[in-house]
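So the chains spell out like this:
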Amino acid sequence: MTKSDLKFIPNFFDRYIKLVDNNIDLIDGLKSSETIFEDLAKKLISHQEYRYELNKWTPKELLQHIIDAERIFAYRALSISRLEPMDLLGFDENLYAKNAHVNHRSIEDLLTEFRTVRQSTIHLFESFNEEMLHSTGISSEIKISTLAIGFTIIGHAKHHLNILNERYLIA
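For clarity, every value in this text was computed on a predicted model and none was experimentally measured.

Asks: I keep staring at the overall build of the chain and nothing clicks. Help me out?
Replies: Scanning the chain from terminus to terminus reveals 8 helices and 2 strands. Starting at the N terminus, the α and β elements of the chain follow one another as α-α-α-α-α-α-α-β-β-α. Since a compact globule built from 171 residues should have a radius of gyration of about 16 Å, the 16 Å found for the chain is in line with a globular shape. For the C-alpha atoms alone, the extent of the chain along its principal axes is close to 45 × 30 × 25 Å.

The following block contains the structure:
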């Protein structure tokens, strides 16, 4: 399924979904973005403790955020595909980043974890049929479909790749 199969694009998540090519198949998009950060790995190592502003995340904290967010998005997709009636809670990304304690981790380790999480996400979305992909639920008081969450996952990683390129690797 492609973005054109979305019946609606939810507010807030639209900023991520808009970053995904209109014609890309969801599974192909997940697979092709599995190694999205690989080309930056060597550059990130030399910038891993850099903050472009006070109180902004380091590249390692940013990578951990992407991993954490993908896990949460995947949980939401699973829940909505199974017709969970409850509003799925949001999360405080700054609190998660503060408590992730990534200083002891390497960029390579984080990239390995990202690839592992992405593989799990791919398997999850491959398991959904069309009805499950069009299922809708409420997440953080926003109506969203399983399919929209899939494109959000791709776009969220792209969004942060753009930030890494624009704000971290210029130093």
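Asks: Where do I start with the nonpolar core in this structure?
Replies: Soluble globular proteins tend to pack their nonpolar side chains together in the buried interior. Counting 27 residues, the largest nonpolar core has L26, L30, F125, F128, I149 and F151 as the members making the most contacts within it. At the level of elements, α1 (14-17), α2 (26-32), α4 (59-81), α6 (107-126), α7 (130-134) and α8 (146-168) are the ones that each hand at least two residues to this core. Looking at which element gives the most residues to this core, the answer is α8, with 6 residues. Here F151 is in contact with M1, T2, K3, L6, Y16, I17, V20, I24 and L26, once residues within four sequence places are set aside. Listed in part, the 22 residues of the second largest apolar core include F114, V117, Y168 and L169.

Asks: Honestly, the pattern of salt bridges in this entry has me stumped. Any pointers?
Replies: When the charged atoms of two side chains lie near each other, side chains of opposite charge can form a pair. According to the stated counting rule, one finds 9 salt bridges in the structure shown. Across the pair K31 and E126 runs a salt bridge whose closest N-O atoms are separated by 3.3 Å. You can see K31 sitting in helix α2 and its partner E126 sitting in helix α6, a full 95 residues away along the chain. On the accessibility criterion, E126 (40% relative accessible area) is partly exposed.

Asks: Sorry, what's going on with the environment of G137 here?
Replies: As for its position among the elements, G137 is in strand β1 (residues 136-139). On the basis of relative accessible area, G137 is assigned to the buried category, the value being 9%. Measuring from C-alpha to C-alpha, the distance between G137 and L83 comes to 7.1 Å, with 54 residues separating the pair along the chain. Excluding anything up to four places from it in sequence, G137 contacts I80, I142, K143 and I144.

Asks: Help me understand the pairing of β1 in this model?
Replies: Strand residues, when the strand is regular, have side chains that alternate between the two faces of the sheet. Here β1 shows one buried face, formed by G137 and S139, and one open face, formed by T136 and I138. Here β1 runs beside strand β2 (residues 142-145); their pairing, made up of 4 bridges, is antiparallel. Each residue of the ladder has a partner; that of T136, found in β2, is S145.

Asks: Would you take a moment to explain the packing of aromatic side chains for this structure?
Replies: A complete count under the given rule lists 8 aromatic pairs for this structure. When the ring of F12 is compared with that of F13, the centres are 5.2 Å apart and the planes differ by 85°; the resulting orientation is edge-to-face. With relative accessibility at 4%, the residue F13 sits in the buried group. When the centroid spacing of 6.2 Å and the interplanar angle of 80° are considered together, the rings of F13 and F73 count as edge-to-face. Of this pair, F13 sits in the segment before α1 while F73 sits in helix α4; the two residues are 60 residues apart in sequence, bridging distant segments of the chain.

Asks: Whenever I open this one, α6 confuses me. Can you help?
Replies: Structurally, the α-helix is built with 3.6 residues per turn, so residues lying three or four positions apart point the same way. Here α6 is 20 residues long and its end C-alpha atoms lie 28 Å apart, about the 28 Å a rise of 1.5 Å per residue gives. Among the residues of α6, I107, L110, L111, E113, F114, V117, R118, T121, I122, L124 and F125 are the ones counted as buried. Those residues of α6 hidden inside the fold are in contact with α2, α3 (41-47), α4, α7 and α8.

Asks: Teacher, can you tell me more about α8 here?
Replies: The first and last C-alpha atoms of α8 sit 32 Å apart over 23 residues, in line with the 33 Å expected at 1.5 Å per residue. The element α8 is largely enclosed, with a buried count of 17 among its 23 residues.

The rules behind the values
- Every chain begins its residue count from 1, and numbering advances along the sequence as written.
- In keeping with the predicted nature of the model, local features appear solely for residues at pLDDT of at least 70, side-chain atom pairs appear and are counted solely at 80 or more, and the whole-chain, interface and lining totals rest on all residues.
- Side-chain calculation: all heavy atoms of the structure are included, whereas hydrogens and water are not.
- Put simply, DSSP H or I for four residues or longer makes a helix, DSSP E for two residues or longer makes a strand, and each gets a number counted from the N terminus.
- C-alpha atoms define the radius of gyration in this analysis, and the globule rule sets the expected value at 2.2 Å times the number of residues to the power 0.38.
- Definition of nonpolar core: a set of buried residues of the types Ala, Val, Leu, Ile, Met, Phe, Trp, Tyr and Cys, connected through side-chain atoms within 4.5 Å.
- Here the term buried applies to any residue with accessible area under 20% of the maximum for its type, exposed to any over 50%, and partly exposed to those in between, with areas from a 1.4 Å probe on protein chains only.
- Whether two residues are in contact is decided by their heavy atoms: any pair within 4.5 Å suffices.
- Throughout this description, the term salt bridge denotes a Lys or Arg side-chain nitrogen within 4 Å of a carboxyl oxygen of Asp or Glu.
- Whether two strands pair depends on DSSP finding at least two bridges between them.
- Think of it this way: a Phe, Tyr or Trp ring, Trp meaning its six-membered ring, pairs with another when their centres are within 6.5 Å, and the plane angle makes it stacked under 30 degrees, edge-to-face over 60, tilted otherwise.
- Take the residue count of a helix, subtract one, and multiply by 1.5 Å to get its expected span.

Scope: geometric values only; no functional claims are made or implied.
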